[in-house]
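# What the coordinates show
The lines below spell out each chain.
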Amino acid sequence: MNILKFGGSSVASSENIKLVAKIVQQNVQSNSTIAVFSAFGGVTNELLQMAELARNEDLAYKDLLEKNEKRHLKAVKELIPVKDQSGILSRVKNEFNRLETLYEGVYLLNELSDRTKHVISGFGEILSSLIIAEYFKSLGVEVLFVDTRDLIVCKNTNEKIQVNYKKTYENIQNFFAQNKAQLFIVPGFIAKNEQGVPTTLGRGGSDFTAAIITGALDLDTLIVYTDVDGMYTANPNIVPQAYPLKNISYEEAMELSHFGAKVLYPPTLQPLLEKEIKINIKNTFRPEESGTLISKGTKDNFRWVTGITHIDSVKLINIEGSGMVGVPGFSKRCFDVLFHENINVVLITQASSEHSICIAVKGDEAWAAKNALNEVFDVEIQSGKIKTIEIEDDVAIVALVGDRMKSHHGLSGKMFSALGNNNINIRAIAQGSSERNISAVIAKKDVTKALNVLHEQFFEVPSKELNLFITGVGNVGSKLLNQLKIQEQYLLDKLRLKVRILGLSNSRKMIFDENGLDLENWKSLVEGGEKASREGFFEKVKELNLRNSIFVDNTASPEISSQYDEYLAHSIAVVTCNKIACSQEFSGYSQLQNLSREYGASFLYETNVGAGLPIIDTLKNLVASGDHVTKIQAVLSGSLNFVFNNYDASEPFYKVVEQAMKEGYTEPDPKIDLSGVDVARKILILSRESGLKMELEDISNQSFLSKESLESDSNEEFFEILKKDEPKFREIYETAAKNNAQLKYVAQLEDGKASVGLQEVGPGHPFYNLSGSDNIVLFFTDRYSQQPLIVKGAGAGADVTASGIFADIIRIGKK
């Protein structure tokens, strides 16, 4: 005999029921078949919703009841030929009349007992099974409808289900011995108690119904059809990379289902475990897939961790105080009172000091647990021996599950390290002696991040997902997006990095998509976005709370750089070409470095000096390896190098500056570059990276611009003054030419002092032949005392700056 169970999603519509019929008919051809059905998708919730409305004297229950009746009558008309409809239409209407009478009673009495709730909630399975039975009859299948209330006997205590297996098994065995049919249609979920009153097996009880019948009849396998391909490594709605498991053990399935894997109702395994009856979880809509087979553990399983799951409907209760230490029977009193209140403890952990006991209970039982514990320990609380017992809300439990975890060392360390590196705080930890489950209590807001982090750690091919939030999509930003798009597949194939852009912003608009933005049409997406807000951008990044989040700043905005501390304090890495943060007061710079270390969030700014050149990285490596920097000489402005390489007095100085602006070598305000402030910031950053505590004011800036031009208020005014100052620029150039020298704007650090200024450089100097917009840095150190370590190359331009930012992103990915 075959036994199949179909969930609510499998029978949510007439189209779905027709798919179910094909599966059932294939089984009927080979053997007599039992098919257990849930209510039509969503009906049970609506039945209970109507009951609550009626109890609250809200007549809206009538509209919802009418809507449900129409839904079921419509299913009859869509599935069953007109000539066969009258009987089932009459039966459906009769069931809805009974429901209406129950609701009217609840409405008039303003009372909804548990007994009435059980009776009402069972109507969904009865209705769906009656309609489906008639549908199979119309297809020519020999069908027998089985009322499971006549078979399954149980008692309910505050939703705790206890089946009288002896009586139930006897009923089932007798019924199927005395009745024969091609197809037995069985409504799940419903039962009767020992007094003969209709009741239910609790939410998800249709699985339980099928398991009880399977166990009673000693069948080989129970096939449970649902809307997914089996039990997954994690919830695929939360972890997109999750995949179905082919085989798992009973114990693993028990752990996963207990901890929220909603594919299987936890008690389902109880009637099957002892008899080693297999369960096959399959997809109604992809029946050709093998699904997940649950059976006794086999040696074929080489996974250390089988699945990751969570419970988010819990609350934490902490019992703490010195009066607990060394007192025999304290834990017994605690758990005795919870037992008498019929409260199930989901997780327990106790400090070895005996100073505290932490328990997790279901959310709807937390207040009852708190009140009971406060009452039983009232004397100790009044005397100050223990603290008043409080509830901690907004928590969840995440768990690793696997039979072979006990055979592999270091799994706990990997789990907690992965969570910690993503700023996920652990409130409590529990692990059974079987080592089949490691559980951690975390903030509910961190569940999505935690599940994805752990799945990446334990299940995915060594690859890492980076979630980018980019502000500034002008010259540099647009080049960066183009480079990311072109290199997307290379990063995945060669570096195992999956880079997603989830947020973009310019000065006017911002757009977010937690599934990743399409880089083919990012410009139109941004323009169609919401109004840009610096604070709003940060709040959205924080709200998404994704692992490996990186904030990328491609602007020169002081306001945006002022928020780096907020990003870092939420374990969001920062990559920036904006020099303002690292050239601010030393205390601010130092705070960012400290936050980066404290919260494990990278703070990278290679492009602050030399665009894409590895200048800062080289300096950091020298310092980290114990070398001492004695002197730095550098040409650090690609803009100024371009200007003085192209100015030969044949055309006005301002024209060359305009050309530099047009080609993207200067800031939008070229005065920042030409004044030497930008170079001063760069040598300041290098000074700090070499270990000096220095401020911007400490740097001597010998500007070649007139005071009037430096005090100009706009680009237009600035260029007018440059035109007027042309004779001075011509004189500077001609003097250098007479001396057979090149003009270079040089930054220097030596003996703890830094300066920037225009200098004449002779033919023998490494700076002499520096062309275009190139930068060059000479590092003189204890190890490189005679011949400096030289870093040289393109030091300006949107493409190279974007590539430097790209390199920093990759550094974080490889961390």
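Presented here is an overview of the structure given in this document.

Right, let's talk about the overall build of the chain for a bit. Along the backbone of the chain there are 31 helices and 31 strands. The globule rule puts the C-alpha radius of gyration for 815 residues at 28 Å, and the 36 Å found for the chain is more than 25% above it. Principal-axis analysis of the C-alpha atoms gives the chain an extent of 115 × 70 × 55 Å. Burial status across the chain gives 53% buried among its 815 residues. Surface exposure of the chain reaches about 35,900 Å², of which carbon and sulfur atoms provide 47%. Each charge sign in the chain was given a centre, from 88 positive and 105 negative side chains, and these centres are 5 Å apart.

This part covers unusual backbone geometry. Located in the positive-phi region is Asn548, a residue other than glycine, with phi close to 50°. Mapped onto the elements, Asn548 comes out in the loop between helix H19 (534–544) and strand S23 (549–553). For Asn548, a relative accessible area of 16% puts it in the buried group. At Ala649, a residue that is not glycine, the phi angle is positive and equals roughly 70°. Along the chain, the position of Ala649 falls in the loop between helix H24 (638–646) and helix H25 (653–662).

We now examine the packing of aromatic side chains. Counted according to the given criterion, the structure contains 30 aromatic pairs. Their ring planes at 10° and their centres at 4.5 Å tell us that Phe330 and Phe377 sit as a pair that is stacked. Separated by 47 residues along the polypeptide, Phe330 in helix H11 (residues 330–340) and Phe377 in the loop between helix H12 (366–376) and helix H13 (378–382) bring together distant segments of the chain. Residues Phe330 and Phe377 agree in their burial class; the two are buried. Their ring planes at 70° and their centres at 6.3 Å tell us that Phe704 and Phe729 sit as a pair that is edge-to-face. With Phe704 in the loop between strand S27 (700–702) and helix H28 (707–710) and Phe729 in helix H30 (residues 726–738), this pair connects stretches of sequence that are 25 residues apart.

What follows is about the nonpolar core. Ranked by size, the top nonpolar core spans 74 residues in total, and within it Phe653, Ile683, Leu686, Phe704, Leu722 and Phe779 carry the most contacts. Among the elements that take part in this core, helix H27 (residues 677–689) stands out by supplying six residues, more than any other. Apart from residues lying up to four places away in sequence, Leu686 is in contact with Val609, Ile615, Ile616, Leu619, Ile632 and Leu636. Core analysis: the next-biggest nonpolar cluster, separate from the first, contains 52 residues, Leu4, Val92, Tyr103 and Ile132 among them.

Applying the stated criterion across every chain, the model contains 37 salt bridges. Put simply, Lys296 and Glu276 hold a salt bridge, and the shortest N to O gap is 3.6 Å. Residue Lys296 is located in the loop between strand S12 (292–295) and strand S13 (307–320), and its partner Glu276 is located in the loop between helix H10 (270–273) and strand S11 (278–283); the two are separated by 20 residues in the primary sequence. Close ionic contact of Lys315 with Asp393 constitutes a salt bridge, the shortest N to O distance being 2.8 Å. Here Lys315, found in strand S13, pairs with Asp393, found in strand S16 (residues 390–401); they are 78 residues apart in sequence, far enough to count as distant. Residue Lys315 is classed as buried on the basis of its relative accessible area of 19%. Asp393 sits in the partly exposed class, given a relative accessible area of 39%.

It is worth spelling out the pairing of strand S1 (residues 2–6) at this point. Along S1, five of the five residues are buried, which leaves the element largely enclosed by surrounding structure. Taking every second residue as pointing to the same face, both faces of S1 are buried, with Asn2, Leu4 and Phe6 on one and Ile3 and Lys5 on the other. Sheet analysis places S1 next to strand S9 (residues 221–226), joined by four bridges and oriented parallel. Opposite Ile3, over in S9, you have Leu222 as the bridge partner.

Criteria and thresholds
In this convention, every chain numbers its residues from 1, walking through the sequence in written order. The predicted nature of this model means local features are confined to residues of pLDDT at least 70 and side-chain atom pairs, given and counted, to a pLDDT of 80 or more, with totals for whole chains, interfaces and linings taken over all residues. Side-chain metrics in this entry use all non-hydrogen atoms of the structure; hydrogen atoms and water are not considered. Helix and strand definitions here come from DSSP, where helices need a minimum of 4 consecutive H or I residues and strands a minimum of 2 consecutive E residues; each element is numbered from the N-terminal end. With the radius of gyration taken over C-alpha atoms, the globule rule is written as 2.2 Å times the number of residues to the power 0.38. Only protein chains enter the accessibility calculation, which uses a 1.4 Å probe. A residue is then buried if its area is under 20% of the maximum for its type, exposed if over 50%, and partly exposed in between. Note on areas: Shrake-Rupley with a 1.4 Å probe; residue coverage comes only from the protein chains shown. The positive count covers Lys and Arg only, the negative count covers Asp and Glu only, and His and the chain ends enter neither. Think of each charge as sitting on NZ of Lys, CZ of Arg, CG of Asp or CD of Glu. Only Phe, Tyr and Trp rings take part, Trp by its six-membered ring, and two of them pair if their centres are within 6.5 Å. Stacked means planes under 30 degrees apart, edge-to-face means over 60, and tilted covers everything else. Definition used in this section: a nonpolar core is a set of buried Ala, Val, Leu, Ile, Met, Phe, Trp, Tyr and Cys residues joined via side-chain atoms within 4.5 Å. Should any heavy atoms of two residues lie within 4.5 Å, those residues are counted as being in contact. For salt bridges, the criterion is a side-chain nitrogen of Lys or Arg within 4 Å of an Asp or Glu carboxyl oxygen. Paired strands, as defined in this entry, are two strands with at least two bridges between them according to DSSP.

Keep in mind these numbers describe shape, not what the thing actually does.
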